[in-house]
Amino acid sequence: MSEPILSLRGLNTHIAQYHILHGVEFDVPRGQLTMLLGRNGAGKTTTLRSIMGLWRASAGEILFEGRNIAGLSTPEIARLGIAYVPESMAIFADLTVKENLVLAARNGPLDGARLDWLFGLFPAMKRFWTLPAGVLSGGQKQMLAVSRAIVEPRKLLLVDEPSKGLAPSIIANMITAFRELKQGDTTILLVEQNFNFARQLGDSVAVMDDGRIVHRGSMAALASDAGLQQKLLGLSLDAHQ
Amino acid sequence: MTATVKAATADALPQVRTDRLPLLILPVVMLLALPAIFDVPAWLTLTLAGLAMGMMIFLMASGLTLVFGLMDVLNFGHGAFISVGAFVGASVMLPLAAWMQADSFALNMAVLLPGILAAMLVSGALGYGFERIVIAPVYGQHLKQILITMGGLIVAEQAIHVVWGPDQIPLPRPTSLRGAFIIGDVAIEKYRLLAVAVGLLVFLAMMLVLNRTKLGLLIRAGVENREMVESLGYRIKRLFVGVFVAGSALAGLGGVMWALYQETVTASMGMQVMVLVFIVIIIGGLGSVGGCFIGALLVGLTANYVGFLAPKLALGSNILLMVLILLWRPQGLYPVARR
Amino acid sequence: MLHAILSGDVPRSKVLAAALALIFFALLLAPFVFPTVNALNVAGKICIFILLAASYDLLLGYTGIVSFAHTMFFGIGAYGVAIVMGRVAPDWGGVLLGGGIAIALSVALAALIGLFSLRVRAIFFAMITLAVASAFAILASQLSTLTGGEDGLNYRVPEMLRPAFRLFDGEILGIVINGRVMAYYLTFAVSLLLFLLLLRVVNSPFGRVLQAIRENEFRAEAIGYRTVHYRTLANCLAAAVATVAGMLLALVLRYTNPDTTLSFTIMMDILLMVVIGGMGTLYGSVLGATLFLLAQLYLKDVMGAASAATSGVPLLPSLLHPDRWLLWFGLLFIASVYFFPTGIVGRLRSLAQRHRLL
Ligand SMILES: Nc1ncnc2c1ncn2[C@@H]1O[C@H](COP(=O)(O)OP(=O)(O)OP(=O)(O)O)[C@@H](O)[C@H]1O
Ligand SMILES: [Mg+2]
């Protein structure tokens, strides 16, 4: 097996004086889709933001293609070929859908064939092409946020809860999109609460709790082991109450 | 490729309402002033004077509002660029006073344009140094920013005294920009016309850059969400330095134009104008260039109308204007969307 | 006993304690130790500016908001007294009337500004106070029938405070207790009392909420504090104290004009005093105001001499010209915000703490 495209080694992150991540450690194998699961507040978003350089890691290594990127600035990290879909979507509300995508296509003009593919997956993008992104509905904004990350080929996508607020048919499209991206040699690290969604897509899994990784393995193993699911994800249910 | 959802059918696109209400204030204010002044030629003269003043304030304010929008940096030292621009412009123009006073448009311009250029260059360069040395260490700390930039303003004002001496410098306008065109009963001052033209030109150029270029897209996106622009791979710090320098250069331009308008240059003029500049960017909605433009014209018009009707209330009227607008829209005319 | 008077907020550094004691006794005995008119004026000014700086620190240091309108309130107090003294009657009733009106006006203005600008964004506050204060200064110089315009007002003060007044026939400890000395002790006593009151406020639960808001506005709001109300209240209190400081100035000087009260230069002076002395500790205002005023007085002489001595060298004489002393203070100010954000007092305290740990 080839070396993982991304591996976290003992990642620690502080936000102000709070110690949030305590030695997070897992690998994201190249060309696969890795799910990052865990209850609310487990530290999933913080992990993704640390990879992107939006929080500075206070200790540990973030190896991307073998190189430690902890300490690089966010734009430098993005330019290595990592795209990020934040939980808040962070679409530019004053800009049109088109302008949002133009900005995301950092390497040049928008590619027609790729756009047609995007429009096929997310028809709303085509319909609202010239409207300010601020008028989109929540789900449509989510689609735009994902479109922005995939409008050009990238090596690694970090996606934070893309299924939130989406209709089942659009979730199906999203699953299709991620599958096709994977075939096109894009690696994906996906944070997800929706286990059904996760099960259909994931190759491998990492489960977090309290700023630590509490389980690593293949999705197939987790999906077929009801006891383990109960233990890991039941734990997340308990924690909700 | 696959598309499992059928394209949405007949339902209409949502209506996008562009917010035009603030645009209406300008004509409303002008029309209200007409019966109050009750003298059409005087009203026309005051309106032109107000627009000219507004345009100059806009030149000085636009950079400040963008810098705030982009990086959440409020630069109280912005006034220094205004004063320095005026002094540099005067230093270039005064040695060539003979050409300034010559009755030749070409000779006048041969002094004026280098003067303006030098002012913009020096203010821009100063802006670069200011950003690197004074502001960069205090990103994200509002209290320190206000204190440090205010300290920078004091030092700059004193440094001006060291370089250019303690006294104000008279700066007469070039001959071809003095006087007025007389059309019927209406006197249209040439210099005011020029100020309006320059202000309008800069505003249009800015709108063009902001709306039609990728650089402009980046700035607008950065004003909304700095982190996301960085996550897309753009170095926003560089963008910010660029905007800061451009804003400082424009402040320098505004400073020269203001000095020629007043026909004197003083070290404290930057600080004095800053009061109006702050009112303007608050009225406009911190971070919005369009709002800043409307706010500047509104302030210029109000100052001139009220200055004519009740001279003692002129400055108070701007505060009142600000209060009224904030009562209507607490975030200013065009609040900038933020996370 | 002393502990209670200081509301439990002790200096926590021997050097600081010594400096404070020195300043206190020097001011207490000023009329006897420095018996010239000039020295008494300086001592009076120091008392007033300690109070003014301390009330400003309530905003800047404890509440974390920057106001540029503090001299406006200072000026309202001075003009309130001056106008009533000149137009109504130069007696204690006049002082109360003028002061009462001034304080009411200040508090109302402070509440309005606070509710208006702090409701939206704290950063508005700095800009709006700057705009309002400069409008007020211009208004004051334009309403010359009331305020005397740029020239200001000269007036008589209550009998007891006039230079010709004698409390006793003879001398006490070698000096005549005249109206000047009376005015000085009035200033000293009121400043001291209000300073101790401010000390009490910042060490009360109210003061601690202010500091919590300063540290993390978001969190304080989440816990349920109405941050706008607390900050506005602090603004009103600071304004009221600044107004009293202005009243004292008007009584001591017996004239009031824009330069002594409303000018932006004074605003910057207060800012420098608080920052250099140490934000967020009222003792910083004591050290800051004292050092600043003494420096202002003597540094100008030193710079004048230095400027004359370097007259052959290019640029140096104008850099060292006495009128340029604000240049050097400006640089000192920037440096202290960068390198000593806790000011002199903060430095002294951390030094003392290190000593204790060693
Ligand atoms: N800006 C912040 N300041 C302080 N604490 C924070 C901040 N952001 C996150 N945290 C804390 O860090 C912890 C992890 O948060 P994070 O957002 O990474 O969780 P998450 O796993 O993404 O949760 P969710 O499923 O709800 O999105 C939480 O306890 C949260 O309170
Ligand atoms: Mg999250």
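Everything quoted here is computed from the prediction, not taken from an experiment.

Novice: Is there a simple way to explain the overall build of chain C in this structure?
Specialist: The helix and strand inventory of chain C stands at 18 helices and two strands. At 21 Å, chain C has a C-alpha radius of gyration in line with the 21 Å of a compact globule built from 358 residues. Projected onto its principal axes, the C-alpha coordinates of chain C cover approximately 60 × 55 × 50 Å. The contacts of chain C with a sequence gap of at least 6 include a subset with a gap of at least 24, amounting to 74%. As displayed, chain C has an accessible area near 15,600 Å², and 68% of this comes from carbon and sulfur atoms. For chain C, the separation between the mean place of its 23 positive charges and that of its 15 negative charges on side chains is 10 Å.

Novice: Would you mind showing me how to read the overall build of chain B here?
Specialist: Of the regular secondary structure elements, chain B holds 13 helices and four strands. Taken over the C-alpha trace, chain B has a radius of gyration of 22 Å; the compact-globule value for 339 residues is 20 Å, and the two agree within 12%. Dimensions along the principal axes, computed over C-alpha positions, put chain B at roughly 75 × 50 × 40 Å. Relative to its full complement of 339 residues, chain B shows a buried share of 58%. Sequence-distant contacts, at least 24 apart, represent 78% of the contacts inside chain B between residues at least 6 apart. Working note: accessible area of chain B is about 13,600 Å², and carbon and sulfur atoms make up 70% of it. With 20 positive and 14 negative side-chain charges, chain B shows a spacing of 9 Å between the two charge centroids.

Novice: Help me out: how do you make sense of the site of ligand 1 in this one?
Specialist: Residues and elements named next belong to chain A. Lining the immediate surroundings of ligand 1 are 14 residues, of which Gly41, Lys44, Thr45, Thr46 and Glu87 lie closest. Between an oxygen atom of ligand 1 and a side-chain N or O atom of Asn40, the distance comes to 2.9 Å. With respect to ligand 1, the side chain of Thr45 contributes an N or O atom lying 2.6 Å from an oxygen atom. Protein contacts shield 63% of the accessible area of ligand 1, which totals 630 Å² for the unbound molecule. Every element with two or more residues in the shell around ligand 1 is listed here: β2 (18–28) and α1 (44–52). In terms of residue count, α1 provides more of the shell around ligand 1 than any other element does, three residues in total. Grouping the constituent residues of the shell around ligand 1 by class yields four nonpolar, six polar and four charged.

Novice: Help me understand the coordination of the magnesium ion (ligand 2), please; the structure alone is not making it clear to me.
Specialist: In an ideal tetrahedron of four donors about a metal, each angle is 109.5 degrees. In an ideal octahedron of six donors, the angles are 90 or 180 degrees. Protein ligation of the magnesium ion (ligand 2) involves A:Thr45 (OG1) and A:Glu87 (OE), the donor distances falling in the range 1.9 to 2.5 Å. Here A:Glu87 lies in the loop between β6 (82–85) and α3 (97–104) and A:Thr45 lies in helix α1, a separation of 42 residues in the sequence.

Novice: Would you mind showing me how to read the confidence of the model for chain B here?
Specialist: Interpreting fine coordinate detail is not advised for predicted regions of low pLDDT. Averaged over chain B, the pLDDT score is 89; the fraction of residues at 70 or greater is 94%. Taken as a whole, residues 1–10 of chain B scores under 50 in pLDDT and shows 15 contacts with residues more than four places along the chain or in a different chain.

Novice: Just to check I follow, could you spell out the interface of chain C and chain B for this structure?
Specialist: Where interface size is given, it is often the accessible area lost as the parts come together that is meant. Listed as interface residues are 41 residues of chain C and, on the opposing side, 40 residues of chain B. Taking both partners together, chain C and chain B bury about 3,600 Å²; carbon and sulfur atoms supply 82% of that area. Its largest share of buried area at the contact with chain B, chain C owes to C:Ile123, C:Met127 and C:Tyr338, together 18% of the area lost on that side. Across the chain C-chain B interface, the total number found is zero salt bridges. Where chain C packs against chain B, one counts three residue pairs in polar contact (both at pLDDT 80 or more). Broken down by secondary-structure element, the contributors of at least two residues to the side of chain C that touches chain B are α7 (122–142), α14 (264–277), α16 (316–319) and α17 (325–339) of chain C. In the side of chain C that touches chain B, the residues fall into 32 nonpolar, five polar and four charged.

Novice: How should I be thinking about the nonpolar core in this particular structure?
Specialist: Considering soluble globular proteins, one finds that nonpolar side chains tend to be buried as a cluster. One finds A:Phe178, B:Phe76 and C:Phe68 to be the most contacted residues of the largest nonpolar core, which totals 305 residues. With 20 residues, the top contributor of residues to this core is helix α2 (residues 40–71) of chain B. With residues near it in sequence (within four places) discarded, A:Phe178 still touches A:Leu33, A:Val146, A:Val159, A:Pro162, A:Ile188, A:Leu190, A:Phe197 and A:Leu201. In terms of nonpolar packing, the next biggest core, distinct from the first, is built from 29 residues, A:Leu11, A:Phe64, A:Ile77 and A:Ala206 among them.

Novice: It is not clear to me how the sheet that holds strand β5 (residues 67–68) of chain A should be interpreted in this structure. Could you clarify?
Specialist: Note on sheets: strands pair through backbone hydrogen bonds, and any given pair is parallel or antiparallel. Residue and element names in this part refer to chain A. Pairing is antiparallel in the open sheet, where four strands are placed in the order β2-β1-β4-β5. Each edge of the open sheet is held by one strand with a lone partner, namely β2 and β5. As defined by bridge partners, strand β1 (residues 6–15) adjoins β2 across eight bridges and the pair is classed as antiparallel. Across the sheet, residue Ser7 finds its bridge partner in β2, namely Asp27.

Novice: Explanation requested: helix α6 (residues 138–150) of chain A in the structure shown.
Specialist: For the α-helix, the turn length of 3.6 residues means that residues three or four positions removed from each other point alike. In this model, α6(A) (13 residues) spans 19 Å end to end at C-alpha, consistent with the 18 Å of a helix rising 1.5 Å per residue. Among the residues of α6(A), those classed as buried are A:Gly139, A:Gln140, A:Gln142, A:Met143, A:Leu144, A:Ala145, A:Val146, A:Ser147, A:Arg148, A:Ala149 and A:Ile150.

Novice: Even after reading the chapter, I still don't get the pairing of strand β8 (residues 187–191) of chain A, so can you show me in this structure?
Specialist: In regular strands, side chains alternate between the two faces of the sheet. All names here are of chain A. Of all five residues that make up β8, five are buried, and the element is covered over most of its length. What you see with β8 is no split at all: Thr187, Leu189 and Val191 on one side and Ile188 and Leu190 on the other are buried throughout. By the bridge criterion, four bridges tie strand β3 (residues 33–38) to β8 in an arrangement that is parallel. The residue of β8 that forms the bridge with Leu36 is Val191. As defined by bridge partners, strand β7 (residues 156–160) adjoins β8 across five bridges and the pair is classed as parallel. Following the sheet pairing, Leu158 is matched in β8 by Leu189.

Novice: Please clarify how the sheet that holds strand β9 (residues 204–209) of chain A should be interpreted in this entry.
Specialist: All names here are of chain A. In space, the six strands of this open sheet follow the order β6-β7-β8-β3-β9-β10, with mixed pairing throughout. Across the chains shown, the open sheet's two edge strands, defined by having one partner strand only, are β6 and β10 (212–218). Averaged over all neighbouring strand pairs, the angle between strand axes comes to 15°, with direction disregarded. Examined bridge by bridge, β9 and β10 share six bridges and lie antiparallel to one another.

Novice: Could you clarify how one ought to interpret the packing of α2(B) against helix α8 (residues 214–224) of chain B in this entry?
Specialist: Residue and element names in this part refer to chain B. The contact between α2 and α8 brings their axes to 6 Å, and the two run at 60°. As summarised for this structure, α2 and α8 are arranged oblique, according to the angle between their axes. The segment α2 lies against α8, with Leu66, Gly69 and Leu70 engaging Ile219, Gly222 and Val223. Of the residues in the contact of α2 with α8, the class split is four nonpolar, two polar and no charged.

Novice: Just to check I follow, could you spell out the environment of A:Met52 for this structure?
Specialist: Following the sequence through the fold, A:Met52 ends up in helix α1. Those residues in contact with A:Met52, other than ones at most four positions away along the chain, are A:Thr74, A:Ile77, A:Ala78, A:Ile82, A:Tyr84, A:Leu158 and B:Ser231.

Novice: Help me understand unusual backbone geometry in this model?
Specialist: Most peptide bonds take the trans form, and the phi angle of most residues other than glycine is negative. Residue and element names in this part refer to chain A. Of note in this structure, Ala90 is not a glycine but carries a positive phi near 50°. With relative accessibility at 9%, the residue Ala90 sits in the buried group. One non-glycine residue, Glu161, adopts positive backbone phi at about 45°. Among the structural elements, Glu161 can be located in the loop between β7 and α7 (168–183). Exposure remark for Glu161: the relative accessible area of 9% places this residue in the buried category.

Novice: Quick question: what am I supposed to make of the side chain of B:Ser248 here?
Specialist: Residues and elements named next belong to chain B. With respect to the helices and strands, the residue Ser248 is situated in helix α10 (residues 236–262). A residue is classified by how much of its surface remains accessible, and Ser248, at 1% relative accessible area, is buried. Ignoring any residue separated from it by four or fewer positions in sequence, one finds Ser248 in contact with Phe81, Ser123, Gly124 and Gly127.

Reading the values: rules and limits
- Residues numbered from 1 in each chain as written.
- Chains lettered and ligands numbered in written order.
- Predicted model: local features only at pLDDT ≥ 70, side-chain atom pairs only at ≥ 80, totals over all residues.
- Heavy atoms only, no water.
- Helix = DSSP H or I, 4+ residues; strand = E, 2+ residues; numbered from the N terminus.
- Rg over C-alpha atoms; globule rule 2.2 N^0.38 Å.
- Contact = heavy atoms within 4.5 Å.
- Areas by Shrake-Rupley, 256 points an atom, 1.4 Å probe, with all protein chains shown as cover.
- Lys, Arg positive; Asp, Glu negative; His and termini not counted.
- Charge placed at Lys NZ, Arg CZ, Asp CG, Glu CD.
- Buried < 20%, exposed > 50% of the residue type's maximum accessible area, 1.4 Å probe, protein only.
- Near = heavy atom within 4 Å.
- Polar contact = N/O pair within 3.5 Å; in protein donor to acceptor, adjacent residues only side chain to side chain.
- Nonpolar A, V, L, I, M, F, W, Y, C, P; charged D, E, K, R; others polar.
- Donors = N, O, S within 2.8 Å, 3.2 Å for Na, K, Ca; no water.
- pLDDT = per-residue confidence, 0-100.
- Buried area = accessible area lost by both parts, 1.4 Å probe.
- Salt bridge = Lys/Arg side-chain N within 4 Å of Asp/Glu carboxyl O.
- Core = buried A, V, L, I, M, F, W, Y, C linked by side-chain atoms within 4.5 Å.
- Pairing = 2+ DSSP bridges.
- Expected span 1.5 Å × (residues − 1).
- Axes fitted to C-alpha atoms, helices over the stretch in contact; angles between N-to-C directions.
- Parallel < 35°, antiparallel > 145°, perpendicular 65-115°, else oblique.

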